[in-house]
Amino acid sequence: VTPDLLRRATPAIVMPVLVVSLAILFKASDGVGDGFSAGVVAALALLFQVVVLERDEAQRMIAVRAAPLVAVAGLLIVLLTALAPVVWGAPLLSHQPEPGASAPHLGVLKLHTAVLFDSGIFLIVVGFALSAARLYTPSSATEQDITRTERAPPAPRREEERA
Amino acid sequence: MVPVSLLLGLALLSGDAGALFNPGPLGRSELPQAAALGIVLIAIVTVVLARNHLAQILALSCAEYALATVYAFRGAPDLALVAVVVATLSTLFLVALVALFPHRVLDRQEREPRGKRRGLQEVAVGVLVGGFSFAVVWASLSWKEGDVKLARTYMELAPTAHAGDAVTAILSDFRGLDTMAEVSVLIIALLGIGALMRARRQR
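Residues numbered from 1 in each chain as written. Chains lettered and ligands numbered in written order. Predicted model: local features only at pLDDT ≥ 70, side-chain atom pairs only at ≥ 80, totals over all residues. Heavy atoms only, no water.

### Focus on the overall build of chain B
Now for step 1: A tally of helices and strands in chain B yields ten helices and zero strands.
Now for step 2: Against the 2.2 N^0.38 benchmark of 17 Å for 203 residues, chain B shows a C-alpha radius of gyration of 22 Å, more extended than a compact globule.
Now for step 3: Viewed in the frame of its principal axes, chain B has a C-alpha envelope of about 55 × 40 × 35 Å.
Now for step 4: When the 203 residues of chain B are sorted by exposure, 24% land in the buried category.
Now for step 5: In chain B, 58% of the contacts between residues at least 6 apart in sequence involve partners at least 24 apart.
Now for step 6: In the form shown here, chain B has an accessible surface area of approximately 13500 Å², with 70% of it arising from carbon and sulfur atoms.
Now for step 7: With 18 positive and 15 negative side-chain charges, chain B shows a separation of 15 Å between the mean positions of the two kinds. (Helix = DSSP H or I, 4+ residues; strand = E, 2+ residues; numbered from the N terminus. Rg over C-alpha atoms; globule rule 2.2 N^0.38 Å. Buried < 20%, exposed > 50% of the residue type's maximum accessible area, 1.4 Å probe, protein only. Contact = heavy atoms within 4.5 Å. Areas by Shrake-Rupley, 256 points an atom, 1.4 Å probe, with all protein chains shown as cover. Lys, Arg positive; Asp, Glu negative; His and termini not counted. Charge placed at Lys NZ, Arg CZ, Asp CG, Glu CD.)

### A closer look at a nonpolar patch on the surface
Now for step 1: Together, L41, I44, V45, V48, L49, L60, L94, L97 and F101 of chain B line one region of the surface with nonpolar side chains, adding up to about 780 Å² of accessible area.
Now for step 2: Top element by residues in the nonpolar patch is helix α3 (residues 31–49) of chain B. It accounts for five residues. (Patch = residues over 30% accessible without salt bridge, like charges linked within 9 Å, V, L, I, M, F, W, Y side chains within 5 Å. Salt bridge = Lys/Arg side-chain N within 4 Å of Asp/Glu carboxyl O.)

### A short note on the interface of chain B and chain A
Now for step 1: Counting residues at the interface gives 43 residues for chain B and 52 residues for chain A.
Now for step 2: In this assembly, chain B and chain A are joined by two residue pairs in polar contact (both at pLDDT 80 or more).
Now for step 3: Of all the secondary structure elements, the ones that give two or more residues to the side of chain B that touches chain A are α5 (77–100), α6 (103–111), α9 (166–174) and α10 (176–202) of chain B.
Now for step 4: Per-class residue counts for the side of chain B that touches chain A are 25 nonpolar, nine polar and nine charged. (Polar contact = N/O pair within 3.5 Å; in protein donor to acceptor, adjacent residues only side chain to side chain. Nonpolar A, V, L, I, M, F, W, Y, C, P; charged D, E, K, R; others polar.)

### Quick look at the nonpolar core
Now for step 1: In this structure, V78 and L130 of chain A are the most contacted members of the largest nonpolar core, which totals 36 residues.
Now for step 2: Per-element accounting of this core gives the leading share, nine residues, to helix α6 (residues 113–136) of chain A.
Now for step 3: Leave out the neighbours within four places in its chain, and L130 of chain A touches L46, L47, V50, A63, V64 and A67 of chain A.
Now for step 4: The next biggest cluster of nonpolar side chains, apart from the first, holds five residues, and it includes A158, A161, A163 and A166 of chain B. (Core = buried A, V, L, I, M, F, W, Y, C linked by side-chain atoms within 4.5 Å.)

### Describing the confidence of the model for chain B
Low pLDDT means the predicted coordinates in that region are not meant to be read closely.
Residues and elements named next belong to chain B.
Now for step 1: For chain B, per-residue confidence averages 83 on the pLDDT scale, and residues scoring 70 or more make up 90% of the total.
Now for step 2: Mean pLDDT across the secondary structure elements of chain B bottoms out at helix α2 (residues 17–20), with 61, and peaks at helix α4 (residues 53–73), with 93.
Now for step 3: ipTM for the predicted complex: 0.79, alongside a pTM of 0.80. (pLDDT = per-residue confidence, 0-100.)

### Quick look at the pattern of salt bridges
Now for step 1: Enumeration over the complete set of coordinates arrives at two salt bridges over all chains.
Now for step 2: D4 of chain A is the salt-bridge partner of R8 of chain A, the closest N and O atoms lying 2.8 Å from each other. Pair noted here: R8 of chain A and D4 of chain A are both in helix α1 (residues 4–26), with a separation of four residues, about one helical turn.
Now for step 3: Since its relative accessible area comes to 65%, R8 of chain A is described here as exposed.
Now for step 4: Judged by its relative accessible area of 45%, D4 of chain A falls in the partly exposed class.
Now for step 5: Measuring nitrogen to oxygen at the nearest pair gives 3.2 Å for the salt bridge that ties D178 of chain B to R175 of chain B.

### Some details on the side chain of Q33 of chain B
Residue and element names in this part refer to chain B.
Now for step 1: Position of Q33 among the secondary structure elements: in helix α3.
Now for step 2: Residue Q33 is classed as buried on the basis of its relative accessible area, which comes to 12%.
Now for step 3: What Q33 contacts, discounting residues up to four positions off in sequence, is V70, F73 and R74.

### Description of the packing of helix α8 (residues 149–157) of chain B against α9 of chain B
All names here are of chain B.
Now for step 1: Remark: α8 packs on α9, axes separated minimally by 9 Å, with the N-to-C direction vectors making an angle of 85 degrees. In terms of orientation, α8 and α9 fall into the roughly perpendicular class. Contacts between α8 and α9 involve Y154, M155 and L157 from the first element and A166, I170 and F174 from the second.
Now for step 2: A breakdown of the residues in the contact of α8 with α9 according to their chemical character gives six nonpolar, no polar and no charged. (Axes fitted to C-alpha atoms, helices over the stretch in contact; angles between N-to-C directions. Parallel < 35°, antiparallel > 145°, perpendicular 65-115°, else oblique.)

### Quick notes on the side chain of D78 of chain B
Now for step 1: Within the secondary structure, D78 of chain B sits in helix α5.
Now for step 2: Buried D78 of chain B, no salt bridge; nearest opposite-charge side chain is K27 of chain A, N-O distance 13 Å.
Now for step 3: From its side chain, D78 of chain B meets the backbone nitrogen of G33 of chain A in a polar contact 2.9 Å long.
Now for step 4: Sequence-distant contacts of D78 of chain B, that is, excluding residues within four places in its chain, are made with G31, V32, G33 and D34 of chain A together with D165 and V167 of chain B.

### A few points about α5 of chain B
Residues separated by three or four positions in an α-helix point in the same direction, a consequence of the helix having 3.6 residues per turn.
Now for step 1: Taking 1.5 Å of rise per residue, the 24 residues of α5 of chain B would be expected to cover 34 Å, and the 35 Å separating its terminal C-alpha atoms lies within 8% of that figure.
Now for step 2: For α5 of chain B, the set of buried residues is D78, A80, V82, A83, V85, A87, L89, T91 and F93 of chain B. (Expected span 1.5 Å × (residues − 1).)

### Considering the confidence of the model for chain A
Now for step 1: Per-chain confidence: chain A averages 78 in pLDDT, with 80% of residues scoring 70 or above.
Now for step 2: Note on residues 140–163 of chain A: pLDDT is under 50 here. Beyond four places in sequence and across chains, it has 17 contacts.

### Some points on the environment of I188 of chain B
Residues and elements named next belong to chain B.
Now for step 1: Here I188 shows up in helix α10.
Now for step 2: Overall, I188 belongs to the exposed group, its relative accessible area being 56%.
Now for step 3: Spatially, the C-alpha atom of I188 lies 33 Å from that of P159, the residues being 29 residues apart in sequence.

In C-alpha cells, the structure reads:
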C-alpha cells in the first residue's frame with residue numbers, strides 16, 4: 001500500500017520534471033542535451049508515477065496505455081522529417097530552413113526541422129520506456145504463469161544440503 | 001568479442017606502439033578523475049563479490065554514476081547527462097526485473113555456492129578480451145590535442161546545422177541517417193517484445 005503523502009506529492013514532482021525534460025529538448029540546439037536524454041528524463045518522471053500508483057491504476061494511466069502509439073508516432077515523425085526532402089529532390093535529412101538562413105523562433109525555441117527530428121526521438125524514447133514499464137507490471141494472469149513455472153523444478157535441493 | 005580483440009591486437013602490435021602507450025604524467029587537475037575511477041573500480045569489485053541482488057544492482061549504478069562524473073571532468077557534458085539519466089533508468093528497470101521473480105528463487109540463488117572451477121577456455125577468453133580492451137583504452141588516453149582533427153571540424157561545422165552544440169548537430173544532422181536507423185531498430189525490438197509477451201499470454 002502506497003503512503004498517502006507520496007501520492008499527494010507526486011504531481012508536484014512529476015510536472016516540474018516534465019517541464020525540465022521539455023527544456024532539455026528545446027534548448028538542445030544551443031547547449032547540453034538532445035532528444036534522447038530529454039526523453040529519458042520525461043520517461044523517468046512518468047515511471048515515478050507508475051511506481052507510486054497501485055498496479056491497476058498504473059495500467060489505466062493514459063501515458064502507459066498510449067505508450068506504444070506514442071513510440072510509433074515518434075518513429076513516423078522521424079521518418080517523415082528524414083525522407084520528406086527526397087520528394088523535392090534534396091538529399092536525405094536536409095533540414096529546413098537552409099543553413100545560414102534565419103529560422104523563425106518562439107522565444108529560445110527555433111522552429112526548424114532538426115528540432116522536429118529531435119522531438120520524434122523524444123517521443124520514441126518516452127513510448128519505449130513506458131511500454132517496457134507495462135511489461136514489468138504484468139496483469140494477474142501472467143503473474144500466475146511465473147509462479148506456476150517456478151514451482152516445477154525442485155532440482156538444486158542437493159546442492160543446498162551439501163552446503 | 002574474441003575476433004575483435006584479435007584484430008585490434010594485431011593492429012596495435014603492427015603499429016608504432018611506443019608513442020601509443022605514453023599517456024604522460026598524471027597532472028594535479030586530473031586527480032578528481034582518478035578518484036572517480038577509483039570509485040568505479042571499488043563498485044565493480046563489489047558487483048562481482050556481492051551475493052545480494054539489490055546490492056549488486058546498486059553497486060552497478062554507483063559505477064555508472066562515477067563514470068558519468070569522469071565524462072563530466074573530461075569535458076563531455078552531453079555524454080555525462082545521457083550517462084546519468086540512463087544509469088537511473090537502468091537501475092529502475094533492473095530492480096523491477098528482480099522484483100518480478102518470486103522470493104524463493106532469489107533466495108535459493110543467493111545461497112547457492114559460488115562456482116569454483118573455471119574452464120581454461122573461459123580464462124583464456126577473459127584474459128584476451130580484457131587485455132586488449134585495456135590496451136585500446138590505454139592507447140586512447142595517450143592521444144595528444146592535435147590528434148583530434150575530426151572533433152574540431154565538427155565544432156566548426158555545427159553552426160551550419162542551426163546548432164550551437166556540436167553533439168546535437170551530429171545526432172540530428174551530420175549523422176542523422178545513423179540516428180534514424182537506430183530508432184527504427186528500437187521500435188522493431190519493441191514490437192518483437194510485445195509480440196512475444198502476447199504469444200505467452202495466449203498460451
